[in-house]
Amino acid sequence: MLGGSAALLVAAAAIMLLLPLWITRRRHLEPLSREDAPAAIDAVAKLAGEQGLAPPRLLWNPLDPSPGGLAFGHPGRYSVALTGGLLVKHATDPPAFRAIVRHELAHIRNRDVGITYFTLAIWYAFLLVAVLPFAVTLLNNSGVKLWSVTWRLLALAALVYLTRNAVLRSREVYADLRASVPDGPDGGLRR
């Protein structure tokens with residue numbers, strides 16, 4: 001049991017270290033330079049100061065039309081990814097832009113980024129280190145024993161999955177709460 005727990009933690013640590021690189025590649029992110037969007041960079045710096053943070057490293061995908069953001073990275077090296085659609089919102093709907101950026105900065109301020117990505121890393125490591133090998137060993141068992149163990153494995157996986165979702169949802173609620181304070185009751189976060 002100790003060996004399995006150690007393998008789970010080692011796999012989770014490796015996954016957590018690789019997640020920022022994976023996010024950057026999967027979302028086709030590149031550094032957002034001052035030449036690309038000076039007003040948006042200044043707005044993010046102002047919003048970060050409002051939260052008591054140093055401006056994070058900004059990345060973007062100019063071809064993503066959705067208005068979204070994502071805080072990710074490691075302690076001391078956090079990044080905020082902005083989409084091309086969100087930068088359009090900076091010009092067309094500044095309250096919505098500020099609400100989304102405040103939410104992502106709130107994740108950094110609340111120290112949610114590490115908790116969130118550790119939770120995800122534990123989930124992926126659980127699937128890789130516990131569920132997958134266990135499922136492979138079940139292939140050699142008879143039908144009665146197979147069903148007896150399979151439903152327990154599925155119940156355990158569902159419990160871990162629901163716990164993961166509860167942690168992630170609570171972090172989102174706290175980020176919304178922190179972002180709503182400067183945004184006010186009629187701000188863009190409400191939309």
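Preceding block: the structure.
Rules of the game
- By convention here, each chain's residues receive numbers from 1 onward along its written sequence.
- Whole-chain, interface and lining totals are the exception, using all residues; otherwise, since this is a predicted model, local features are given only for residues with pLDDT of at least 70 and side-chain atom pairs are given and counted only at 80 or more.
- Note that water and hydrogens are dropped before the side-chain values are worked out from all heavy atoms of the structure.
- Every angle, taken between N-to-C directions, lies between 0 and 180 degrees, and every axis is a line fitted to C-alpha atoms, over only the stretch in contact when it is a helix.
- A run of H or I in DSSP becomes a helix once it reaches four residues, and a run of E becomes a strand once it reaches two; helices and strands are each numbered from the N terminus.
- Here the word oblique covers every angle except those under 35 degrees (roughly parallel), over 145 (roughly antiparallel) and from 65 to 115 (roughly perpendicular).
- By definition, any crossing whose near helix is turned counterclockwise from its far helix by less than a right angle is left-handed, and any crossing with a clockwise turn is right-handed.
- Contacts between residues were defined by any pair of non-hydrogen atoms, one from each residue, lying within 4.5 Å.
- We call Asp, Glu, Lys and Arg charged. Ala, Val, Leu, Ile, Met, Phe, Trp, Tyr, Cys and Pro are nonpolar, and the rest, Gly among them, are polar.
- Whether two strands pair depends on DSSP finding at least two bridges between them.
- In protein, a polar contact means a hydrogen-donor-capable atom and an acceptor-capable atom, both N or O and within 3.5 Å, with residues adjacent in sequence counting only if both atoms are side-chain atoms; elsewhere, any N or O pair within 3.5 Å suffices.
- Between the first and last residue of a helix there are one fewer steps than residues, each counted as 1.5 Å, and that sum is the expected span.
- Any residue under 20% of the maximum accessible area for its type is buried, any over 50% is exposed, and the rest in between are partly exposed; the area is computed with a 1.4 Å probe on protein chains only.
- Aromatic contacts are taken between Phe, Tyr and Trp rings whose centres are within 6.5 Å, Trp giving its six-membered ring; a plane angle under 30 degrees counts as stacked, one over 60 as edge-to-face, and the others as tilted.

What to know about the packing of helix H2 (residues 38-50) against helix H4 (residues 94-109)
Move 1: One can describe the packing of H2 onto H4 by two numbers: an axis separation of 10 Å at closest approach and a directional angle of 50°. Accordingly, the angle class assigned to the pair H2 and H4 is oblique. Judged by the twist between their axes, the crossing of H2 over H4 is right-handed. On H4, the residues touching Ala-40, Ala-43, Val-44, Leu-47, Ala-48 and Glu-50 of H2 are Phe-97, Arg-98, Val-101, Arg-102 and Leu-105.
Move 2: Class assignment of the residues belonging to the contact of H2 with H4 gives a composition of eight nonpolar, no polar and three charged.

Quick look at the sheet that holds strand E2 (residues 57-61)
Move 1: Within the open sheet, the four strands sit side by side as E1-E2-E4-E3. Their pairing is mixed. Each edge of the sheet is formed by a strand with only one pairing partner; in this case those strands are strand E1 (30-31) and strand E3 (69-74).
Move 2: Pairing of E1 with E2 involves two bridges; the strand directions are antiparallel. Its bridge partner being in E2, Glu-30 is matched across the sheet by Trp-60.
Move 3: Across the sheet, helix H3 (residues 84-92) is in contact with E2, E3 and strand E4 (77-83); its angle to E4 comes to roughly 75°.

Considerations on the side chain of Asn-110
Move 1: Here Asn-110 is to be found in the loop between H4 and helix H5 (112-138).
Move 2: One polar contact links the side chain of Asn-110 to the main-chain carbonyl oxygen of Tyr-174, over a distance of 3.4 Å.
Move 3: Discounting residues that sit within four places of it in the chain, Asn-110 has contacts with Arg-171, Tyr-174, Ala-175 and Arg-178.

As for H4
Move 1: Its 16 residues give H4 an end-to-end C-alpha distance of 22 Å, which sits within 8% of 22 Å, the value for a rise of 1.5 Å per residue.
Move 2: Of the positions making up H4, those classed as buried are Ala-96, Phe-97, Ala-99, Val-101, Arg-102, His-103, Glu-104, Leu-105, Ala-106, His-107 and Ile-108.
Move 3: Positive phi shows up at Arg-111, right after H4, with a value of about 60°.

Notes on the packing of aromatic side chains
Move 1: In total, this model carries two aromatic pairs according to the counting rule given.
Move 2: Through successive ring pairs, a cluster of aromatic residues spans Trp-123, Phe-126 and Tyr-161.

Describing the packing of helix H1 (residues 2-26) against H5
To describe two helices that pack against each other, one gives the angle between their axes and the distance between the axes.
Move 1: Contact geometry for H1 and H5: axes closest at 7 Å, N-to-C directions at 125°. What the angle tells us is that H1 and H5 run oblique. Crossing geometry of H1 relative to H5 is assigned as right-handed. Between H1, through Gly-4, Ala-7, Leu-8, Leu-9, Ala-11, Ala-12, Ile-15, Met-16, Leu-19 and Ile-23, and H5, the contact on the second element is made entirely by Gly-114, Tyr-117, Phe-118, Ala-121, Ile-122, Tyr-124, Ala-125, Phe-126, Leu-128 and Val-129.
Move 2: Here the residues of the contact of H1 with H5 are counted per class, giving 18 nonpolar, two polar and no charged.

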